[in-house]
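Structural features, examined
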Amino acid sequence: MIETGQAIMRLLPSTLREMVNEAEERIHDQSDAKGLKFVNEIDSNLVVLCDRDQVRRVLTNLIHNAVKWSPRGEFITVRAYSSIDEVTVIIEDKGPGVPDDQVQRIFERFYQVDASRSGGGTGLGLAICKHIVEAHGGRIWAEGTSSAKGGRFAFTLLSAEAIPEN
């Protein structure tokens, strides 16, 4: 439904920091088992216009990938910055990152950077994230290892700041 554009997105103002905390909570046991430290640097007043459940799905998937690829005892950091009409969300880890020649392909269905090291999975997670973000009018990307130290994924959402209050 999401891929064909038939999924209904209910865009409402939502606090980004809360959604990130909820996503991290869903995979807390996995991050705790690896001794990972989760850092949410998002301002508590940052509000985006989104379908909360769908964006939480994107965040959970990206944070889960960061947990999966992070070495034991490292940090996973989520930050965001706002421009006039959009918010950019960044998830960073200290894992191997994505090779430069594969940053475009990783959002294709069933594609995996290194299936022998992936530890399972269908190769659908990032493709689903892409469709959800694009259904929100945003974009999603990964930074290759030549520019990022570790894994670095980012996506944009509409800012709710410009919405007049009633």
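Shown above is the structure to which this text applies.
What counts, and at which threshold
Positions within a chain are numbered from 1, following the residues in the order the chain's sequence is written. Given that this is a predicted model, residues contribute local features only at a pLDDT of at least 70 and side-chain atom pairs are listed and counted only at 80 or more, while totals for whole chains, interfaces and linings are drawn from all residues. Excluded from the side-chain calculation are hydrogens and water; included are all heavy atoms of the structure. Only runs of H or I of at least four residues qualify as helices and only runs of E of at least two qualify as strands under DSSP, and these elements are numbered from the N terminus. A 1.4 Å probe rolled over the protein chains alone gives each residue an accessible area, and that area as a share of the maximum for its type sets the label: buried under 20%, exposed over 50%, partly exposed in between. By definition, residues are in contact when any of their heavy atoms lie within 4.5 Å. Just to be clear on terms, a salt bridge is a Lys or Arg side-chain nitrogen sitting within 4 Å of an Asp or Glu carboxyl oxygen.

The next subject is the environment of Trp141. Mapped onto the elements of the fold, Trp141 is located in strand S6 (residues 140-142). Judged by relative accessible area, which is 26%, Trp141 ranks as partly exposed. Among residues more than four places away in sequence, those in contact with Trp141 are Thr88, Phe107, Arg152, Phe153, Ala154, Phe155 and Thr156.

Before going further, it helps to spend a moment on the pattern of salt bridges. Opposite charge on two side chains permits them to pair, given that their charged atoms come into close proximity. Taken as a whole, this structure holds 9 salt bridges when the rule is applied. A salt bridge links Glu18 to Arg52; its shortest N-O distance comes to 3.4 Å. Of this pair, Glu18 sits in helix H1 (residues 16-26) while Arg52 sits in helix H3 (residues 52-69), placing them 34 residues apart in sequence. Between Glu41 and Arg79 there is a salt bridge, and its shortest N-O distance comes to 3.1 Å. One end of the pair, Glu41, is in the loop between strand S2 (37-40) and strand S3 (47-50); the other, Arg79, is in strand S4 (residues 75-82), and 38 residues separate them in sequence.

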